[in-house]
Protein chains: 4
Amino acid sequence: MSGNTFGKIFKIATWGESHGPGVGVVVEGCPAGLPLKEADMQKEIDRRRTGQSKVTTTRKERDAVRILSGVFQGKTTGTPIALWVENEDADSSKYELIKDLFRPGHADYTYLMKYGFRDYRGGGRSSARETVGRVAAGAIAKKLLARHKIKVVGYTLQIGPYRAKTFDYGEIENNIVRCPDKKIAEKMVGHIMKARKKGDSVGGIVEVVAQGVPPGLGEPVFDRLDADLAKALMSIPAVKGVEVGAGFASVAMLGSEHNDAFVMAGKKVTTRTNNAGGILGGISNGADIVARMAVKPTSSILKEQETVTVKGEKALIRVEGRHDPCVCPRAVPIAESMVALTLIDHYLRNKLSRLPK
Amino acid sequence: MSGNTFGKIFKIATWGESHGPGVGVVVEGCPAGLPLKEADMQKEIDRRRTGQSKVTTTRKERDAVRILSGVFQGKTTGTPIALWVENEDADSSKYELIKDLFRPGHADYTYLMKYGFRDYRGGGRSSARETVGRVAAGAIAKKLLARHKIKVVGYTLQIGPYRAKTFDYGEIENNIVRCPDKKIAEKMVGHIMKARKKGDSVGGIVEVVAQGVPPGLGEPVFDRLDADLAKALMSIPAVKGVEVGAGFASVAMLGSEHNDAFVMAGKKVTTRTNNAGGILGGISNGADIVARMAVKPTSSILKEQETVTVKGEKALIRVEGRHDPCVCPRAVPIAESMVALTLIDHYLRNKLSRLPK
Amino acid sequence: MSGNTFGKIFKIATWGESHGPGVGVVVEGCPAGLPLKEADMQKEIDRRRTGQSKVTTTRKERDAVRILSGVFQGKTTGTPIALWVENEDADSSKYELIKDLFRPGHADYTYLMKYGFRDYRGGGRSSARETVGRVAAGAIAKKLLARHKIKVVGYTLQIGPYRAKTFDYGEIENNIVRCPDKKIAEKMVGHIMKARKKGDSVGGIVEVVAQGVPPGLGEPVFDRLDADLAKALMSIPAVKGVEVGAGFASVAMLGSEHNDAFVMAGKKVTTRTNNAGGILGGISNGADIVARMAVKPTSSILKEQETVTVKGEKALIRVEGRHDPCVCPRAVPIAESMVALTLIDHYLRNKLSRLPK
Amino acid sequence: MSGNTFGKIFKIATWGESHGPGVGVVVEGCPAGLPLKEADMQKEIDRRRTGQSKVTTTRKERDAVRILSGVFQGKTTGTPIALWVENEDADSSKYELIKDLFRPGHADYTYLMKYGFRDYRGGGRSSARETVGRVAAGAIAKKLLARHKIKVVGYTLQIGPYRAKTFDYGEIENNIVRCPDKKIAEKMVGHIMKARKKGDSVGGIVEVVAQGVPPGLGEPVFDRLDADLAKALMSIPAVKGVEVGAGFASVAMLGSEHNDAFVMAGKKVTTRTNNAGGILGGISNGADIVARMAVKPTSSILKEQETVTVKGEKALIRVEGRHDPCVCPRAVPIAESMVALTLIDHYLRNKLSRLPK
């Protein structure tokens, strides 16, 4: 009820704070028999790790993941998989200085209003450090999906005014912004570094594509696949908008332009275009699932900002700590994870839609 | 599990098909003691009713709502409130003609793939007629919210290229597109009628504003207020995108522009701007909640479209039936309802966040 | 959250009061493709109907069930199945007399304390009339189970001191107490009639056996099959105890007596005895599931009883209305329904326990 | 969905296996502001610890609990509280010998049938070691309940034929069987030791009383307080029956005997007797909540038993390991925990039953 779980069949519960002993996740509902080892998760966790490049924060965490339960002789047992990652480089000293100030764009004020009390060290539970657990669980989801030939690929589509025009998936991990367009990637890096030098930050768009999704995933009415993807992506820190397929561009289209004509591809029904983003009536239609999320510029900036103290006095604040000038590159594995978690949950749910044979 | 319920504390379950005996909703978790009569719901249901104007479908439903349980001596008892609305003007004849064709943009193909079987009459469960139940339940949510001085207002912000510039809430119900800008409203109507004459349809944006929301609503991590709003709005038929506050416009902003400075308004903490849309870290901050949804052009169009039959043969289709050339005007009360349902649920959840006194 | 739903995959939500417009149920999660007609439910509803014999209440309800959604061309569509039964013979006049008194053994006082307000007509929501919806939903569960060769049989095992010794299932519906032992059945009837004449009531035990349950149903830890059965049966009005297999008799046994030895029956593993009641570690082992519930004597009695008024004054009360002198005979189909609902839910859940192939 | 969580508002998720790295629990929904330290949990965990006396197993675990999240400056923050206890004395060697045999009374066969694969070391997830997490979480529940003057007391009521006649709560922790009747306690110990010497085990009854519970806790229909207690207690390993108030003894009573007359105690409504066990219509009435559970004799016995191998061959088995000859003494804190968890959950849920003021 307090909002720390995601999924209905393949269900995860994350826990942990930025400056506590560590962060973790309990994965419930993973079927028995999946080969699983720590390296499966580590690979993905490393993609969201701090200190990867000049466009990310300098906090240094090894982020070594440990399996505490649910795996026996290298395979999942069907019981809860508990994973944890210790916090090693938490530095709370910077936060003592600003513990009585509300950082603009952050959850300091809202957590205080909600709980009457808050963990001011690095945002506590509101810190994006919580997403380590999501990425660890997402790695399991991806592994399950792969068995069904479903692949989830994410990348930075846009940063500031720079938007990818070519989509070479092999390029994504080759540049520090995770952009599939090599040329645009360079411009993105330049844009970020320019803002960082001024003590400022920039926003962007992350796009996630899921390939190989069979038709039939998603439930009618409220738990539509697109509705659950919207929640999944909007639950990532700093996200302010979500769209599927043509998204907001649909507004300017006519029905005759937007509707994707059904055509045959051999014996398979498919659509000529994909304005639907692979989802019709909330249910996958077999085309690629395409979702995008708008990421606001990082709230923690060195530039001086106006704010107030917990006592209601005017104040100025500079958020020192160690922060990413643009969230997108590290948000890519998080977005992929949330999409993968949504898909595996609906994949399993869909096994229940027809009469058991 | 099959996706027909919404909410965790104030929970609704809708049921019913477009061409079955009727549609309904069971509302669970409404506190005891709320004065409630059928007219409270009817007022809102009438706003989404068919046949309101030249820009809506001509299907004629009285949509008379009936309370079947949960109310005694004019007050809610704390037990489930069952509401139902009979279908009176369902005309399935048009659907016999196209029962073996997949309507582009509709859920015909995906429901068939999911269930191996589908109710082809007017889309069955995938029909927007299902939303009658949401609006009925939304009316109860609004009534509860009103007791806490929370008001939810929705309107058509944009249709095709025409976007409201002035926001006179008193104007909304005065024009048939539910736009708060009288002049733009006229242009919107013209735009819709032009498309309708060509057998085509248009898209738009609906915006919902919630005023008077206290700080503290929303849960950390997954059940953030914005994540739940995103799901709520994306679950409405025809919606392809959702944003909160600055939304996708955040992409082009710098952190120093986007962050809303905290300032005092008398003894109350508030923010100078509202790029956050009233939500920080997933929790309301006391400013207006502002959410938007992108509505695709109606899928049912008279214009001839390419498709295939259930047997995989090429075919042409014209969707005759009775359809709205633009969904926005009737989507306004639905969007308001989904926002109201989300807010009352979080309002009640938030009562549990601090130590009980 | 307010407690009116049961099940996780195959999920039911009941609604309605004893003296309102009717009672109903929404069944979510029934797979698509099951042949279903009103008669399937009616048959079971008739078994719990009032006025069946001299040992049941004289309230006369036809209890005609109507399918409002979820079925198309005689088959379930996978969407919610809404069922309702109108109240026709509600007579609230008797309740006006006692609306300011708390009936001993009833929920009058507790509902008032909980909600600050109550529907005093026949107990409102606390009335066993609510169970009509359970039996209707249970009929669907039974139909699904039957496809997998699972059969659920209930009967009155004991009334007062009289306990069945022979178990002829063909006899159950032949006598008005639903006892599988013809001779004991007669004694049970005599025992009930004797109490009724004195304006009193009696208790008993209902036993339910599920045959053909495959091994593997039930989840570890909290959602054990026996734990869910215990909840299911204890949620029936008037039930004060639940046991599985040897139940309370286990207390006097040694481990070497209680443990059921594993033996082979052809190529199948089975157990020599069934003290476990078909459940080991919360999971079915392939033997018959055997559960029992203790039913208290009906609370509504004509005999004068001490009580207090809502104002706290001493008073005497005689509960006139129309009541069953023993709940067991009509509780049999309710108990069967709750067991069937629990089993189908776990049957479907169990499809998710191993790696999807 | 896989059954490892309990509660709806105050929700716990346990994880861990008998012979893995450890066991733990994540507590979600604990309100912010509760003072909490490891010693609060340790005190209760120590009561269920192994090696306490001659009537318990000799496995030696320190069972030191560690708080990994959710507490800041000695108070709960409202976010998930992750607790873990390392396994230190796991000895898997004994299990290698019997890994291909099904232990009678255990979950070996059923886990294998369910998952196609099992952790044979000490029962893996089916081991009662899992309950460490429940007791840790139960300690938090008790602390919250204590703030509202609610106290939960458990004890061994009966072992074999010996049943407590006097109820001196101060005596409970003074004897190794946790019986409130000193004289009977001695007989119980003798009874256990006699069985142990023969390589056998005995059963018993644990009773839990909750004092100070206000009227109004529990929800109508399915989530009745008694139904949830039944599930809570039946989910404890080795439990075969549950009863509330008069329980199975109700069967032999008349309505006029069973009904608890309402009387005034000063200005408070109360009942003269407590056959209801403090619950009417599923909702607490202000009297003591009284629940009992029947505990089967421990399944692990040294005595030789018949069984079969995983290949279906006849075999004999002696379960060596280190086992309790009677589960009751260590089951007392577990039963208390499950009752406390159920009560705090309903206490919080009940805050939502009336109109928010």
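Before any of the text, the structure's been laid out above.
Predicted, not measured: the structure shown is a model, and the values here were computed from it.

Participant: A description of the interface of chain C and chain B should follow, citing residues and the corresponding values.
Facilitator: Counting from both sides, the interface comprises 35 residues of chain C and, opposite them, 35 residues of chain B. Among the secondary structure elements, those contributing two or more residues to the side of chain C that touches chain B are β2 (11-16) and β3 (22-28) of chain C. A breakdown of the residues in the side of chain C that touches chain B according to their chemical character gives 13 nonpolar, 15 polar and seven charged.

Participant: Explain the sheet that holds strand β8 (residues 151-159) of chain B to me, using residue names and the numbers behind them.
Facilitator: One open sheet accounts for ten strands, arranged β9(A)-β8(A)-β10(A)-β16(A)-β11(A)-β11(B)-β16(B)-β10(B)-β8(B)-β9(B); its pairing is antiparallel. Both edges of this open sheet fall to β9 (162-163) of chain A together with β9 (162-163) of chain B, since each of them pairs with a single strand only. Note: β8(B) against β9(B), two bridges, orientation antiparallel. The residue bridging I159(B) from the neighbouring strand is Y162(B), located in β9(B).

Participant: Go over the pairing of strand β11 (residues 239-244) of chain A with me, naming the residues and quoting the values.
Facilitator: In summary, the side chains of a regular strand alternate between the two faces of the sheet. For β11(A), a buried count of six out of six residues is recorded, marking the element as mostly surrounded by other parts of the structure. Examined bridge by bridge, β11(A) and strand β16 (residues 289-295) of chain A share five bridges and lie antiparallel to one another. Within the sheet, the bridge partner assigned to G241(A) lies in β16(A) and is A294(A). As judged from the three bridges shared by β11(A) and strand β11 (residues 239-244) of chain B, these two strands associate in the antiparallel manner. Following the sheet pairing, V242(A) is matched in β11(B) by V242(B).

Participant: With reference to specific residues and values, describe helix α5 (residues 182-197) of chain C.
Facilitator: Residue and element names in this part refer to chain C. The terminal C-alpha atoms of α5 lie 23 Å apart, and with 16 residues this matches the ideal 22 Å at 1.5 Å per residue to within 8%. Listing the buried residues of α5 in full gives I184, A185, M188, V189, I192, A195 and R196. Down the axis of α5, the smallest arc covering the buried residues is 145°, so these residues share one side. α5 presents K183 and K197 as exposed residues on the side facing more than 90 degrees away from its buried surface. Where α5 is buried, its residues contact β8 (151-159) and β9 (162-163). G199 occupies a position one or two residues after α5 and carries a positive phi of about 70°.

Participant: Explain the relation of the copies chain C and chain B to me, and be specific about the residues and the numbers.
Facilitator: Note that the two copies of the chain are related through a rotation about an axis and a translation along the same axis. Take chain C, turn it by 180°, move it 0.0 Å along the axis, and it overlays chain B with an RMSD of 0.0 Å. Look at the turn and shift together and you get a two-fold axis relating the two.

Participant: Describe the relation of the copies chain B and chain A, with residues and values.
Facilitator: In the superposition of chain B on chain A (RMSD 0.0 Å, axial shift 0.0 Å), the rotation amounts to 180°. With an isologous cut-off of 70% or more, the 100% of interface residues of chain B that recur at the interface of chain A puts this contact in the isologous class.

Participant: Give a detailed account of the pairing of strand β18 (residues 314-317) of chain C, specifying residues and quantitative values.
Facilitator: All names here are of chain C. The sheet contact formed by strand β17 (residues 305-308) and β18 spans four bridges and is antiparallel. Looking at β18, one finds that T307 is bridged to A315. With antiparallel pairing between neighbouring strands as the criterion, β17 and β18 make up a hairpin whose turn holds five residues, including G312 at a positive phi of roughly 90°.

Quick notes on the rules
Residues numbered from 1 in each chain as written. Chains lettered and ligands numbered in written order. Predicted model: local features only at pLDDT ≥ 70, side-chain atom pairs only at ≥ 80, totals over all residues. Contact = placed C-beta atoms within 7 Å. Helix = DSSP H or I, 4+ residues; strand = E, 2+ residues; numbered from the N terminus. Nonpolar A, V, L, I, M, F, W, Y, C, P; charged D, E, K, R; others polar. Pairing = 2+ DSSP bridges. Buried ≥ 20, exposed ≤ 12 C-beta atoms within 10 Å, placed from the backbone. Expected span 1.5 Å × (residues − 1). Arc of directions from axis to C-beta. Least-squares fit on C-alpha atoms with pLDDT ≥ 70 in both.

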